[in-house]
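# Architecture at a glance
Listed below, chain by chain, are the residues.
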Amino acid sequence: QAILPRACTSLLAMASADGKLRKRIAWLNTSGGFENSIIYSKVAEACEGADTAKVMEVLKSLEDRWDKIKDPTSWVCASLRHACSTEIDRELDEKLRKRIAWLNKVGGFNDAISYPKVSEAARGVSLHRAMEVLKYLEESWTTVEDPTAWVCSDLRKA
């Protein structure tokens, strides 16, 4: 029996977790009563780096509360962020600090963006998504009155 390199076993585990997630969401969207209202791609993004057991636990909680939850995709994503993030990822923290400092000094926001508030909202959000939100803020700077609230709101929707 061949021993697979660590990278291969990691990829197999990821594929297995993705398969479980797809199967569970498909069941919830049909037999589970959610009538195709759970958006797989958004939940999958929120699951990045999360333990498969924790994800399944959140989906079970969703199933148990099916009649009380109006927006199941947002509920799952928020629950995953809350359950899986006790502290912000080091790389995300570093890039957020640099990007917010640049936006505050050079990007025209004149220290209006609060790093602590944005950092809190970014817990559990992928680095790519956080940078995407800040890029969109930069492009929309003339129309945004409260950049901190705007960014935090957008990150919490993720």
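To be clear, the structure that these remarks concern was listed above.
The structure presented is a predicted model; accordingly, all values stated were derived computationally and were not measured. (Residues numbered from 1 in each chain as written. Predicted model: local features only at pLDDT ≥ 70, side-chain atom pairs only at ≥ 80, totals over all residues. Heavy atoms only, no water.)

## What to know about the environment of G108
In plain terms, the rule: Per the convention used, a helix needs a DSSP run of H or I reaching at least four residues, while a strand needs a run of E reaching at least two, with both numbered from the N terminus. Should any heavy atoms of two residues lie within 4.5 Å, those residues are counted as being in contact.
Structurally, the position occupied by G108 is in the loop between helix 5 (90–105) and helix 6 (115–121). C-alpha of G108 to C-alpha of T142: the two residues are 34 residues apart in sequence and 9.1 Å apart in space. Each residue touching G108, except ones within four places of it in the same chain, is listed here: L103 and W141.

## Some details on the pattern of salt bridges
Here is the rule: Within this document, salt bridges are pairs made up of a side-chain nitrogen of Lys or Arg and a carboxyl oxygen of Asp or Glu, the two lying within 4 Å of each other. Accessibility here uses a 1.4 Å probe with only protein chains present; expressed as a share of the type maximum, an area under 20% marks a residue as buried, one over 50% as exposed, and anything in between as partly exposed.
Going through the model one piece at a time under the given rule, you end up with 13 salt bridges. Between E94 and K98 there is a salt bridge, with the nearest N and O atoms lying 3.4 Å from each other. Here E94 pairs with K98, and both are found in helix 5, just four residues apart, close to one helical turn. Judged by its relative accessible area of 45%, E94 falls in the partly exposed class. Here R99 makes a salt bridge to E138, at a shortest N to O gap of 2.4 Å. Residue R99 is found in helix 5, and its partner E138 is found in helix 7 (residues 127–139); the two are separated by 39 residues along the sequence. Salt bridges here are not isolated pairs; linked through shared partners, they connect R24, K60, E63 and D64.

Take it as geometry only, folks, not as evidence of what the structure does.
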